[in-house]
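Examination of the molecular architecture
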Amino acid sequence: MTDALDEIALISDSLECYAEHHGDMAPRVYKRFFELNPEAAALMEYSDEYMRGRMFASIIELFLSDEHLEPGGYLTWELENHIKAYSATTAMYESLFQSMRNVLDNDLGADWRSEWQEAWASRIDRIMEQVKQF
C-alpha cells in the first residue's frame, strides 16, 4: 500500500466499523494502554475522562490526516509538549498505538480485515519514525 489517501480511508473505515459495533473505543484503548505501559498509567493518573477523550480525539486525527505529520504540524507540537513537558516516552507512544490496534483486532474479530491491519501498521510505522527522531 503506497497511497496515503487509501491508507487514511481504510483506517477511517475500520474506525467506523468499530463505532457501529462497539461505540466509543477510547475507554478500551486506555485500559489496554495502561496494562501494556504502567508508567503511562502513573503519568496519567490524574487525567479525567474528558481530558482522555480530548487526547484520544487528537491521536485519531494523526491517523486521519497527513497534514498533522508535516514538519511543524500537530505531531511536532504533540511531541514537544508531551515528551519535554510531561516526560512521555517513545515507549508510551508505541504502547498506545499497539493498544489501538489490539482493541480493533480483538473487538472486531471476524470483521477485522487484513487491509485495515496493513493500513494501521503502515501509519503507525510512519508516525513512530517521527516520534523516534524527536
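Our subject is the structure listed above.
What this report covers is the structure whose coordinates are included nearby. Keep in mind the model is a prediction, meaning the values are calculated, not measured.

Cut-off values and rules
Residues numbered from 1 in each chain as written. Predicted model: local features only at pLDDT ≥ 70, side-chain atom pairs only at ≥ 80, totals over all residues. Heavy atoms only, no water. 1 Å grid on protein atoms, 1.4 Å probe; cavity = no way out; pocket = protein on both sides within 12 Å on 5 of 7 lines; lining within 4 Å. Points joined across faces, edges and corners; volume = space filled by probe spheres on them. Helix = DSSP H or I, 4+ residues; strand = E, 2+ residues; numbered from the N terminus. Nonpolar A, V, L, I, M, F, W, Y, C, P; charged D, E, K, R; others polar. Phe/Tyr/Trp six-rings, centres within 6.5 Å; stacked < 30°, edge-to-face > 60°. Buried < 20%, exposed > 50% of the residue type's maximum accessible area, 1.4 Å probe, protein only. Lys NZ or Arg CZ within 6 Å of the ring centre and 35° of its normal. Axes fitted to C-alpha atoms, helices over the stretch in contact; angles between N-to-C directions. Parallel < 35°, antiparallel > 145°, perpendicular 65-115°, else oblique. Left-handed = near helix turned anticlockwise from the far one by under 90°. Contact = heavy atoms within 4.5 Å. Polar contact = N/O pair within 3.5 Å; in protein donor to acceptor, adjacent residues only side chain to side chain.

**Some thoughts on the layout of surface pockets**
Taken as a whole, the largest pocket holds about 630 Å³ of empty space. Along the walls of the largest pocket sit 22 residues, with Met44, Met51, Met55, His82 and Tyr86 positioned nearest its centre. When residues of the lining of the largest pocket are traced back to their parent elements, those giving at least two are helix H2 (26-36), helix H3 (38-43), helix H4 (49-64), helix H5 (74-86) and helix H6 (90-108). Counting residues per element, the lining of the largest pocket draws most heavily on H4, which supplies 6 residues. A per-class count over the lining of the largest pocket returns 17 nonpolar, 3 polar and 2 charged.

**Quick look at the packing of aromatic side chains**
Aromatic rings in a pair are described by how distant their centres are and how their planes are angled relative to each other. In this structure the tally under the stated criterion is 8 aromatic pairs. For the ring pair Phe63 and Trp120, a centre distance of 4.8 Å and an interplane angle of 40 degrees mean the geometry is tilted. With Phe63 in helix H4 and Trp120 in helix H7 (residues 114-133), this residue pair connects regions lying 57 residues apart in the sequence. Classification of Trp120 as buried rests on a relative accessible area of 0%. A connected cluster of aromatic rings, assembled from ring pairs, spans Tyr30, Phe33, Phe34 and Phe56. Of note, Arg52 hangs over the ring of Tyr30, and the distance from its end group to the ring centre comes to 5.7 Å.

**Observations concerning the packing of helix H1 (residues 4-22) against H6**
How two helices pack is summed up by the angle between their axes together with the distance between the axes. Here H1 crosses H6 at 55 degrees, and the two axes come no closer than 11 Å. Considering their axes alone, H1 and H6 lie oblique with respect to each other. Along this stretch, H1 crosses H6, giving a crossing that reads as left-handed. Taken together, the residues of H6 that come into contact with H1 (itself represented by Ser14, Leu15, Cys17, Tyr18, His21 and His22) are Val103, Leu104, Asp107 and Leu108. Partitioned by chemical class, the residues of the contact of H1 with H6 number 6 nonpolar, 3 polar and 1 charged.

**Notes on the packing of H4 against H6**
The N-to-C vectors of H4 and H6 enclose an angle of 80 degrees; their axes lie 12 Å apart at closest approach. One way to sum up the angle between H4 and H6 is to call them roughly perpendicular. Residue-level contacts link Phe56, Ile59, Ile60 and Phe63 of H4 to Leu96, Phe97 and Met100 of H6. Residues of the contact of H4 with H6, tallied by class, amount to 7 nonpolar, no polar and no charged.

**Some words on the side chain of Ser58**
Among the secondary structure elements, Ser58 is positioned in helix H4. Exposure remark for Ser58: the relative accessible area of 19% places this residue in the buried category. Polar side-chain contacts of Ser58 include one of 3.5 Å to the side chain of Tyr74.

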